[in-house]
Structures are given as C-alpha cells and as structure tokens.
Amino acid sequence: MESDIFEKHKNEDTLDRQSFLERRKLIQPKCLEDPKLAKLKETLVDWINSTLNPEHIVVQSLEEDLYDGLVLHHLLTRLAGVHLPCEDIALSSPAQICKLEMVLEELDRRLGLQDSSQIKWNTKLIHKKDLLATLHLLVAMVRCFQPEVDLPSNVKVEVVEVEVSSSGIKTDVHTEVLTEGSDTCSDALGNAEGEDPIDQLLRLEAHKVNTLKKVILNFVNQSMSSLGLQVADLDTQFADGVILLLLIGQLEHFFIPLYEFNLTPVNHAEMLQNVTLALNLLTDSGLQVSSVEPQARCW
C-alpha cells in the first residue's frame with residue numbers, strides 16, 4: 001500500500017516537473033492598464049454579446065467566460081454555420097478540454113491557418129484563461145468572419161516570455177501586435193495628387209486587399225438583402241453591370257426601369273451598355289468615376 005502511494009506521488013511529481021518545462025508568455029502588468037487594450041477588450045466583449053444575443057448568451061470577461069469552449073462553440077456556429085457533435089455544456093475539465101480541441105481545430109481550419117507557426121493560441125492556453133492567446137484568437141475571428149467590425153487600431157502589448165528548463169530560467173521581453181495600425185493603410189490610401197485611388201489600393205499587401213474586399217462584399221449583401229440577392233464574388237458578379245445597377249438603385253432609393261438596361265445580358269455589347277449606364281448614374285450623383293473605363297469592367 002505504501003509503495004503504491006509512493007509511486008503515485010512519484011508520478012505526479014514527474015508530471016509536475018514536465019509541465020514546468022515550458023514557455024509562458026505574460027503580458028506586462030503595466031500594459032493591462034493601457035486604454036487601447038481596455039478598449040479592444042471592451043469592443044470584443046460587445047462583439048461577442050451582439051453576435052450571441054439571439055441565444056441569450058452574455059459575456060462579461062474574456063478571461064473567465066471563454067475557457068470552457070461554450071462561447072467559442074456558439075460563435076463558430078453563428079459565424080460559420082458549423083454544428084459540431086459535442087455537448088453544449090462541458091462541466092468537467094477533461095470534457096472542456098476535449099470540446100475546446102474540437103472547436104479550435106475547426107476554427108483554425110476556417111481561419112485558413114494551416115501553418116501551426118502562425119497560430120498564437122492552443123487548447124491549453126485558452127483553457128488556462130490566457131488573455132494574450134484569447135485576444136489573438138478573437139481578433140483573428142473578427143478579421144475573418146466580420147472584418148467590418150471596427151476594432152481599435154495599433155494595439156500592442158509588451159510581453160515577457162519565460163522559458164523554464166533543466167538548465168535554468170530564461171526570459172525575453174518583446175512587443176506583440178494585437179491589431180495593426182491604421183496609419184499604414186491610411187497613408188497608402190491617402191488621396192495623393194494626380195494618383196488614382198484604385199492604383200493605391202492595388203499597392204496594398206494581399207491580406208489587406210482581401211480584408212477590404214470582404215468588407216465591401218458584406219456591405220453589398222446587406223444592401224441587396226431586400227431584393228433577395230446574394231453576391232459571392234466581386235470579381236465576376238459585377239462584370240455585366242446588373243448587380244451594380246441594382247445596388248445603385250438601392251443606395252440612391254430609386255427604381256431603374258427594366259427597359260433601360262439588360263437584366264440578363266447575353267453578349268459583351270449588352271454588358272457594356274449596363275456598365276456605361278451605371279457609371280453615368282454614378283457621375284450624375286456626384287461621384288468621380290471619370291478614370292473608370294466601362295470596357296475595363298466587362299470581360
């Protein structure tokens with residue numbers, strides 16, 4: 001009996017020492033008082049609560065309310081339409097970890113993070129209520145699923161990385177970016193004299209262009225929802241001018257008679273006629289579109 005107890009404590013001690021041989025990232029205490037960080041946390045809490053409002057789920061603390069996987073599971077369902085085969089409420093720690101693993105695996109896939117080196121969170125960190133990992137995850141979810149959400153820009157935190165090993169303790173202090181600064185994008189999109197704004201957009205990094213396209217796509221679909229229309233691809237569905245004309249009518253609150261354009265264009269000439277009409281309407285409304293060639297929109 002005593003030998004069994006001794007062996008049990010020996011195994012627990014081995015596990016404790018193994019778990020201690022790891023790296024931990026800790027946000028510097030002074031950064032926790034940063035107004036920008038506080039605003040980011042508040043914005044994320046509001047975003048979660050508005051998203052899950054139909055399910056009557058209310059989050060008050062990012063650290064305390066997300067660790068068991070319930071909120072993340074419901075967010076995944078609402079934002080991506082994914083229904084995972086797991087219990088809704090996991091009470092025990094092993095059940096929570098199992099649920100988190102399933103939810104995070106699906107989230108990583110939906111976020112397009114195939115390279116594990118890009119992932120700044122994991123099941124263990126989220127379950128341990130790690131604020132840094134939780135913030136990285138939520139910001140990535142917002143950027144992917146609802147990029148139109150206005151997160152505070154240029155939020156950075158000073159992080160102490162502690163590595164404990166058999167050879168001793170190593171520490172490293174560095175800065176981690178939670179949200180990028182808006183100044184880079186603003187500078188790139190600044191109305192430089194004599195330069196086309198589209199040319200400025202095309203100079204942006206690919207991920208920023210994709211984010212902008214997602215915002216535009218969301219705006220278009222919200223505006224067209226009353227017509228029962230859904231746009232999935234900006235590059236192709238605007239080519240014939242039909243969606244553009246209907247969108248102009250929705251935004252300007254007028255009806256374009258069907259005889260004025262081709263609702264189902266069958267050739268390049270009819271597409272060109274639609275796009276030309278759309279550009280003329282935009283010009284009449286006061287928008288500067290003189291640099292846009294109708295032929296460039298038809299293919």
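Definitions and cut-offs
- Residues numbered from 1 in each chain as written.
- Predicted model: local features only at pLDDT ≥ 70, side-chain atom pairs only at ≥ 80, totals over all residues.
- Heavy atoms only, no water.
- Helix = DSSP H or I, 4+ residues; strand = E, 2+ residues; numbered from the N terminus.
- Core = buried A, V, L, I, M, F, W, Y, C linked by side-chain atoms within 4.5 Å.
- Buried < 20%, exposed > 50% of the residue type's maximum accessible area, 1.4 Å probe, protein only.
- Contact = heavy atoms within 4.5 Å.
- Salt bridge = Lys/Arg side-chain N within 4 Å of Asp/Glu carboxyl O.
- Expected span 1.5 Å × (residues − 1).
- Polar contact = N/O pair within 3.5 Å; in protein donor to acceptor, adjacent residues only side chain to side chain.

Novice: Which parts of the structure should I look at to understand unusual backbone geometry?
Specialist: Peptide bonds are, in most cases, trans, and in most cases residues other than glycine have a negative phi. The phi dihedral of Lys129 falls on the positive side, at around 65 degrees, and the residue is not glycine. Residue Asn154 is not a glycine yet carries a positive backbone phi of 55 degrees. Along the chain, Asn154 falls in the loop between helix H7 (131-145) and strand E2 (155-165).

Novice: Is there a simple way to explain the nonpolar core in this structure?
Specialist: Among the nonpolar cores identified, the biggest contains 46 residues, and Ile48, Leu72 and Leu138 are the most heavily contacted of them. If you list the elements that add at least two residues to this core, you get helix H2 (35-51), helix H4 (70-80), helix H5 (93-110), H7 and E2. Discounting residues that sit within four places of it in the chain, Ile48 has contacts with Val59, Leu62, Leu66, Val71, Leu75 and Leu138. Grouped together as the second largest cluster of nonpolar side chains are 16 residues, Val231, Ile256, Leu279 and Leu282 included.

Novice: Help me out: how do you make sense of the side chain of Thr123 in this one?
Specialist: Its location among the elements puts Thr123 in helix H6 (residues 123-127). Given a relative accessible area of 15%, Thr123 falls into the buried group.

Novice: Teacher, can you tell me more about the pattern of salt bridges here?
Specialist: Note that side chains of opposite charge can pair when their charged atoms are close. Here the structure, examined in full by the defined rule, presents 7 salt bridges. Glu106 is the partner of Arg109 in a salt bridge, and the nearest nitrogen-oxygen pair spans 2.7 Å. Of the two residues, Arg109 and Glu106 both sit in helix H5, 3 residues apart, roughly one turn of that helix. Note on Glu106: relative accessible area 13%, which makes it buried. Here Arg110 makes a salt bridge to Glu106, at a shortest N to O gap of 2.8 Å. One end of the pair, Arg110, and the other, Glu106, are both in helix H5, 4 residues apart, so they sit about a helical turn from each other.

Novice: In this structure, what is going on with H7? I would like to understand it.
Specialist: Across its 15 residues, H7 extends 21 Å between first and last C-alpha, which sits within 8% of the 21 Å expected from 1.5 Å per residue. In terms of burial, H7 is largely enclosed, as 13 of its 15 residues are buried. Regarding H7, its N-cap is Asp130, as a side-chain oxygen of that residue lies 3.1 Å from the backbone nitrogen of Leu132 further along.

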